[in-house]
Amino acid sequence: MSKAYIALQDNEESHYIVEAIEEDNPTATVIYQPAMIRIENEGSLVIKRETVEDKMGRDWEIQALHVNLITLGGNVDEDDDQFSLTWKQ
Amino acid sequence: MSNRKINMKEKYSLLTRDLEWEYSYRDYKEIFPQEEFEGIKITDWSKWEDPFRLTMDAYWKYQAEKEKKLYAILDAFAQNNGQQNVTDARYVNAIKLFLTGISPGEHQAAMGFGHVGRQLGGVGARVACQMQAIDELRHVQTQIHAMSHYNKFFDGFQDFPHMHDRVWYLSVPKSFFDDARTAGPFEYMVAIGFSFEYVLTNLLFVPFMSGAAYNGDMATVTFGFSAQSDEARHMTLGLEIIKFLLEQHPDNVPIVQRWINKWFWRGTRMLALVAMMMDYMLPNKVMSWQEAWEVYFEEAGGSLFKDLARYGIEMPAYAKTAIAEKEHISHQAWSIFYNYGHAAAFHTWMPTEEEMDWLSEKYPNTFDKYYRPRFEKWREMEAAGERFYNPTLPMLCQTCQIPMGFTDMEDPTSTSYRQSEYDGERYNFCSDGCKDIFDYEPEKYVQSWLPVHQIYQGNCGGPDIEDVLGDYYKINLGVDNMDFHGSPDEQRWNAWHNLPSAEEKLKRAS
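These lines cover the structure that appears in this document, whether it is placed above or below. (Residues numbered from 1 in each chain as written. Chains lettered and ligands numbered in written order. Predicted model: local features only at pLDDT ≥ 70, side-chain atom pairs only at ≥ 80, totals over all residues.)

## Some points on the overall build of chain A
1) Next: Counting its regular elements, chain A contains three helices and seven strands.
2) Next: Mapped in sequence order, the helices and strands of chain A form the string β-α-β-β-β-α-α-β-β-β.
3) Next: A compact globule built from 89 residues should have a C-alpha radius of gyration of about 12 Å, and chain A, at 12 Å, falls within 12% of that.
4) Next: Overall, the C-alpha framework of chain A stretches about 35 × 30 × 20 Å when taken along its three principal axes.
5) Next: Going through the 89 residues of chain A one by one, you find that 46% of them count as buried. (Helix = DSSP H or I, 4+ residues; strand = E, 2+ residues; numbered from the N terminus. Rg over C-alpha atoms; globule rule 2.2 N^0.38 Å. Buried ≥ 20, exposed ≤ 12 C-beta atoms within 10 Å, placed from the backbone.)

Next up, the structure:
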């Protein structure tokens, strides 16, 4: 299997997103590096709007992810409710 | 009228596909004259899927937010004399190389996507290229803006666009983008959109920028990550173009594979600059070039190529060579620049004892065996007042334009050297990868503007090399170039931090 991954800037907003990712992807690994947070998971990784909103306590649009995003790996699928990365092999 | 809020997919469809119209009074081929000559077959542009589904209104909204965050930090950095808080003035030389070598490439990419976006028949691809062209323009602007602050306090930043078009090592990234921009639109997309953005830019913008943060350079890490957040979208576009081309027609597969082979190798060669920035120019180390390569090429690239295997796409040719080179490339590139430190617009130096120990630990198979003895010799020569500068001009590879300083991976002590003949002339290459690229399109690469040839032909001023460096390159001799030790940069830094000068240190020691 291949690892799907996402890296976010290490800031306040990202901390909530990371919390949400950890909840929705229990097998994901979170790696803290200078100024960035990298989260990886075998095969796929999903970010759900509802979980992030729950953590932040306010409305949050999936596309707001762009503001804190550094890089990613995997095939992207995005709609109003979730953002996912998957490898198909 | 209903007030129902449309969802992302509908909005994307309305704001991209719906902007297209039928061409009723002009022939399609007249409107998109470059779509066929590369041999790529497109049967249905409507199959194009942009996974990010970003529309222009959302694009402006989020880009504006990114810019506000970025400029708040750049302002804070300038107001608080951030330049004094980087780990060490040597570090700033990596930023000089970034401004002169990398930022102009962002501008080239903006021009390239502007052009290609006009040439593709599918509206989804055109809109994506338009956004990417604007992104790239944003990158070059924010990078110049961020680094202009350093220009007030350090040497070597002042003439970056002039230098980019002339200086020998800057011809490496310049010729890379020139090559891509003079290719057809689909090759450009595979070159820059896929091979460079997806497979290689992480190596520049992720571990190096994390390293900038670790060295106290708040300005650089911020523009770097702000740029890379766009790159995540570009990577996705790059992957999309590949999948789209491969799904459109089986005849596209070998063409795309050849482009991947070519551009992976060209990109890998260019990244030798980034390898030495990581291993030699960051005083506080985050990870070695080898470690970064393993995470971002071997692991991430490996997943990508496994995913593409279902289309019949294989790992790039020469990936094996590039993987073997990960233990050598940064040391060899730094040696080249140390040799020609008098001809560069930034400073070079020999690593300290501690830094050499770090390199030994990170490169257990190669550093002590091949590089440490040479570096120790150079350090001795410097201590004896005979800092080594290579007085000759190097032979350059006809394709990547890097001096022939890389070695054969089967025998890492002998120079890797290949030749081809074309039209009665002999051409020289640093590798099989670069030779193959030439052999496939010799009529393109015989026209390469090779800085050393141009100097010998008298096209860069002269007659002496100082005239070329000073008048033609606009390097401030004795200021921008030479070793870091003894440079005005070092003197200013020591004065800011009340550190003893090199002379004072010597006096104290004796």
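## Some points on the interface of chain B and chain A
1) Next: With 31 residues of chain B in contact, the opposing surface of chain A contributes 26 residues.
2) Next: Listing elements by their share of the side of chain B that touches chain A, those giving two or more residues are helix 1 (8-15), helix 3 (56-79), helix 9 (207-214), helix 10 (218-248) and helix 13 (289-308) of chain B.
3) Next: Taken together, the residues of the side of chain B that touches chain A sort by class into 16 nonpolar, seven polar and eight charged. (Contact = placed C-beta atoms within 7 Å. Nonpolar A, V, L, I, M, F, W, Y, C, P; charged D, E, K, R; others polar.)

## Looking at the packing of helix 5 (residues 123-151) of chain B against helix 10 of chain B
Helix-helix packing is described using two parameters, namely the angle between the two axes and the distance between the axes.
Residue and element names in this part refer to chain B.
1) Next: Two numbers describe how helix 5 lies on helix 10: the axes approach to 10 Å, and their chain directions differ by 170°. One element, helix 5, and the other, helix 10, form an angle in the roughly antiparallel class. Contact with helix 5, carried on its side by Ala128, Gln132, Asp135, His139, Thr142, Gln143, Ala146 and His149, involves Ala219, Thr220, Phe223, Ser226, Ala227, Asp230, His234 and Leu237 of helix 10 and no other residues of that element.
2) Next: Along the lines of polarity and charge, the residues of the contact of helix 5 with helix 10 split into six nonpolar, eight polar and two charged. (Axes fitted to C-alpha atoms, helices over the stretch in contact; angles between N-to-C directions. Parallel < 35°, antiparallel > 145°, perpendicular 65-115°, else oblique.)

## Some details on the sheet that holds strand 1 (residues 3-9) of chain A
Residues and elements named next belong to chain A.
1) Next: A sheet is described by the order of its strands in space; here four strands give the open sequence 2-3-1-5, paired in antiparallel fashion. Of all the strands in the sheet, just strand 2 (29-33) and strand 5 (69-73) have a single pairing partner and so form its edges. In this sheet, adjacent strand axes meet at a mean angle of 15° when their direction is disregarded.
2) Next: Where strand 2 lies against strand 3 (residues 36-42), five bridges are found, and the strand directions are antiparallel. Of the residues in strand 3, the one forming a bridge with Tyr32 is Ile37. (Pairing = 2+ DSSP bridges.)

## Some details on the sheet that holds strand 4 (residues 44-48) of chain A
Residues and elements named next belong to chain A.
1) Next: If you walk across this open sheet you meet the three strands as 4-7-6, and the pairing is antiparallel. Each of the sheet's edge strands pairs with one partner strand only, and the pair in question is strand 4 and strand 6 (75-78). Each strand of the sheet is rotated relative to its neighbour by a mean of 10°, with strand direction disregarded.
2) Next: Where strand 4 lies against strand 7 (residues 82-86), five bridges are found, and the strand directions are antiparallel. Looking across to strand 7, one finds that Lys48 is bridged to Gln82.

## Structural notes on the pairing of strand 6 of chain A
Looking along a regular strand, one sees the side chains alternate between the two faces of the sheet.
1) Next: Burial along strand 6 of chain A is one-sided: the face carrying A:Val76 and A:Glu78 is buried and the face carrying A:Asn75 and A:Asp77 is not.
2) Next: In this antiparallel pair of consecutive strands, strand 6 of chain A and strand 7 of chain A, the connection spans three residues.

## Details of the packing of helix 3 of chain B against helix 5 of chain B
Residue and element names in this part refer to chain B.
1) Next: Taken N-terminus to C-terminus, the directions of helix 3 and helix 5 make an angle of 10°; their axes are 11 Å apart at the nearest point. Relative to helix 5, the element helix 3 is oriented roughly parallel. Residues Tyr59, Gln63, Leu70, Leu74, Phe77 and Ala78 of helix 3 form the contact with helix 5, whose own contacting residues are Met131, Arg138, Thr142, His145, Ala146 and His149.
2) Next: Of the residues assigned to the contact of helix 3 with helix 5, the class counts are seven nonpolar, four polar and one charged.

## So, unusual backbone geometry
Residue and element names in this part refer to chain B.
1) Next: For the bond running from Gly462 to Pro463, omega is 10°, close enough to zero to count as cis.
2) Next: By the element assignment, Pro463 lies in the loop between helix 20 (451-456) and helix 21 (465-472).
3) Next: In this model, Asn81 sits at a positive phi of 50°, which is unusual for a non-glycine residue.
4) Next: Position of Asn81 among the secondary structure elements: in the loop between helix 3 and helix 4 (92-119).
5) Next: Positive phi, close to 50°, is recorded for Asn498, a residue that is not glycine.
6) Next: Mapped onto the secondary structure, Asn498 falls in the loop between helix 22 (488-496) and helix 23 (502-509).

## Points about the nonpolar core
All names here are of chain B.
1) Next: Within the largest apolar cluster, 162 residues are counted, with the highest numbers of intra-cluster contacts made by Val190, Leu273 and Met276.
2) Next: For this core, the element with the highest residue contribution is helix 8 (residues 185-205), accounting for 14 residues.
3) Next: Filtering out sequence-adjacent residues up to four positions away, Leu273 remains in contact with Leu97, Gly101, Val172 and Ala333. (Core = buried A, V, L, I, M, F, W, Y, C linked by C-beta atoms within 7 Å.)

## Points about the environment of B:Phe157
Residue and element names in this part refer to chain B.
1) Next: Positionally, Phe157 belongs in the loop between helix 5 and helix 6 (160-164).
2) Next: Judged by local crowding, Phe157 falls into the buried class, with 23 C-beta atoms found within 10 Å.
3) Next: Setting aside residues no more than four positions away along its own chain, Phe157 makes contact with Lys96, Leu99, Met147, Tyr150 and Asn151.

## A few points about the environment of A:Asn11
1) Next: In this fold, A:Asn11 is placed in the loop between strand 1 and helix 1 (12-24).
2) Next: Separated by 40 residues in sequence, A:Asn11 and A:Thr51 place their C-alpha atoms 18 Å apart.

## Quick look at the environment of B:Asp217
1) Next: Structurally, B:Asp217 is set in the loop between helix 9 and helix 10.
2) Next: Remark: the alpha-carbon pair of B:Asp217 and B:Asp408, spanning 191 residues in sequence, is separated by 36 Å.

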